[in-house]
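# Reading the structure
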Amino acid sequence: MRSRTIKGQDQQDFGDDPLAVRDTDHYKDEYVTGFVDKWDELIDWKKRWASEGNFFIEQLKARGVEKVLDVATGTGFHSVRLIEDGFETVSADGSAEMLAKAFANGQTYGGHILRVVQADWRYLNRDVHGSYDAIICLGNSFTHLFSERDRRKALAEFYAMLKHDGVLILDQRNYDALLDGQYGNSHTYYYCGDEVSAEPDHVDEGLARFRYQFPDQSQYYLNMFPLRKNYVRRLMREVGFQRVDTYGDFQETYQADEPDFFIHIAEKS
Ligand code: SAM
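Here's what I pulled together on the structure shown here. Since the structure is predicted, the reported quantities are computational estimates derived from the model, not experimental observations.

### Observations concerning the packing of aromatic side chains
Any two aromatic rings considered together are summarised by their centre-to-centre distance and by the angle between their planes. Under the counting rule described, the total for this entry stands at 17 aromatic pairs. A ring pair is formed by Phe 146 and Phe 225, whose centres lie 6.3 Å apart and whose planes are at 85°; its orientation type is edge-to-face. One end of the pair, Phe 146, is in the loop between strand S4 (132-137) and helix H8 (148-161); the other, Phe 225, is in the loop between strand S9 (219-224) and helix H10 (229-238), with 79 residues separating them in the sequence. There is no split in this pair, since Phe 146 and Phe 225 are both buried. Linked through ring pairs, Tyr 31, Phe 35, Trp 39, Tyr 189, Phe 210, Tyr 212, Phe 214 and Tyr 220 together constitute an aromatic cluster.

### Structural notes on unusual backbone geometry
For Asn 140, which is not glycine, the phi dihedral falls at a positive 55°. Mapping Asn 140 onto the fold places it in the loop between S4 and H8. For Asn 140, a relative accessible area of 6% translates into the label buried. With a phi close to 75°, Gln 217 is a non-glycine residue in the positive phi region. Along the chain, Gln 217 falls in the loop between strand S8 (207-213) and S9.

### So, the packing of H8 against H10
The axes of two packed helices give the description: the angle between them and the distance between them. At a minimum axis distance of 9 Å, the contact between H8 and H10 shows a crossing angle of 50°. Looking at the two axes, H8 sits oblique to H10. Where H8 crosses over H10, the handedness of that crossing is right-handed. Every residue of H10 that contacts H8 at Glu 148, Arg 151, Arg 152 and Leu 155 is listed here: Tyr 231, Arg 234, Leu 235, Met 236 and Glu 238. Classifying every residue of the contact of H8 with H10 by side-chain character gives 4 nonpolar, no polar and 5 charged.

### Things to note about the packing of helix H3 (residues 45-52) against helix H5 (residues 77-84)
As a packed pair, H3 and H5 sit with axes 12 Å apart at the nearest point and diverge in direction by 75°. With respect to each other, H3 and H5 are oriented roughly perpendicular. Contact residues: H3 offers Trp 45, Arg 48, Trp 49 and Glu 52, while H5 offers Phe 77, His 78, Val 80, Arg 81 and Glu 84. The residue inventory of the contact of H3 with H5, partitioned by class, reads 4 nonpolar, 1 polar and 4 charged.

Rules used throughout
Counting restarts for each chain, with residues numbered from 1 along the sequence as it is written. At least 70 in pLDDT is required for a residue's local features to be given in this predicted model, at least 80 for side-chain atom pairs to be given and counted, and no such filter applies to totals for whole chains, interfaces and linings, which use all residues. Side-chain figures throughout are based on the complete set of non-hydrogen atoms in the structure, without hydrogens or water. By convention, a stacked pair of Phe, Tyr or Trp rings (six-membered ring in the case of Trp) has centres within 6.5 Å and planes under 30 degrees apart, an edge-to-face pair has planes over 60 apart, and any other such pair is tilted. Put simply, DSSP H or I for four residues or longer makes a helix, DSSP E for two residues or longer makes a strand, and each gets a number counted from the N terminus. Remark: exposure states derive from per-residue accessible area (1.4 Å probe, protein chains only) relative to the maximum for the residue type, with buried under 20%, exposed over 50%, and partly exposed in between. Every axis in this analysis is a line fitted to C-alpha atoms, fitted for helices over the stretch in contact. Angles between the N-to-C directions lie between 0 and 180 degrees. Here is the rule for angles: anything less than 35 degrees is roughly parallel, anything more than 145 is roughly antiparallel, 65 through 115 is roughly perpendicular, and the remaining ranges are oblique. Crossing chirality is assigned from the near helix's rotation relative to the far helix, an anticlockwise turn below a right angle marking it left-handed and a clockwise turn marking it right-handed. A contact between two residues is defined here by any heavy atoms of the two lying within 4.5 Å. Lys, Arg, Asp and Glu make up the charged group, whereas Ala, Val, Leu, Ile, Met, Phe, Trp, Tyr, Cys and Pro make up the nonpolar group; the residues left over, Gly among them, are polar.

All quantities given are derived from atomic positions and should not be read as evidence of function.
As structure tokens, then:
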């Protein structure tokens, strides 16, 4: 039987059969302190800022967006960026631990006081108030939902929290390339030079398990659902978004012609 990770613990616990862990609620147990701290320490925010470019900020500005809800705040990278760019920002996440870290990072990076709300996407309207010009769900976060029902519920909650002409910006790893064998299972993704690497440990239609390795040889795993690009686009349209545009984001990779990430921009009207 799988036991749950104690909050704040440095070790992950996927139990006896890690490949059987295909559970939406497991995300809080995967982002243990050791993993999150190491990631934040090694992936320099300024470098990440530069590598992401201004793409999504420009998309928001082009639509006259003022009020943004960051539903996957994590350690606060995108929320801080939005605040620095003058957007009124509310920072939500299902993990209290992540929000604590984001709040501290807000103070470290520019002395910002983040408005944080703990909320699971499936019950967003219950816990977050107000309506927003834009919702962002970035950093390959939507991949944590393991059932179609959860995905539909989350997208419907996002849709409901947007103003009539609001926009959802959601990104995802290019799982099509992995599932269709374009990368092979040994493809390594490097972040921040070669300091942090991510490799698929197991991939099937229902699970993409990645191994993250750090210079001190420590390793952590994330179990994610391998979202196909067109499937996500279809779900977005089915919950009511009128227009969905998808962009490829070319990051550092051995096969420069395949984007590592896709960014979906879904408009409500
Ligand atoms: N956007 C940040 C970034 O790029 O650094 C954080 C991304 S992190 C990969 C994914 C975040 O999504 C985690 O902080 C996790 O707690 C949150 N998350 C995953 N599933 C969630 C859910 N069902 N409801 C709310 N938050 C969730």
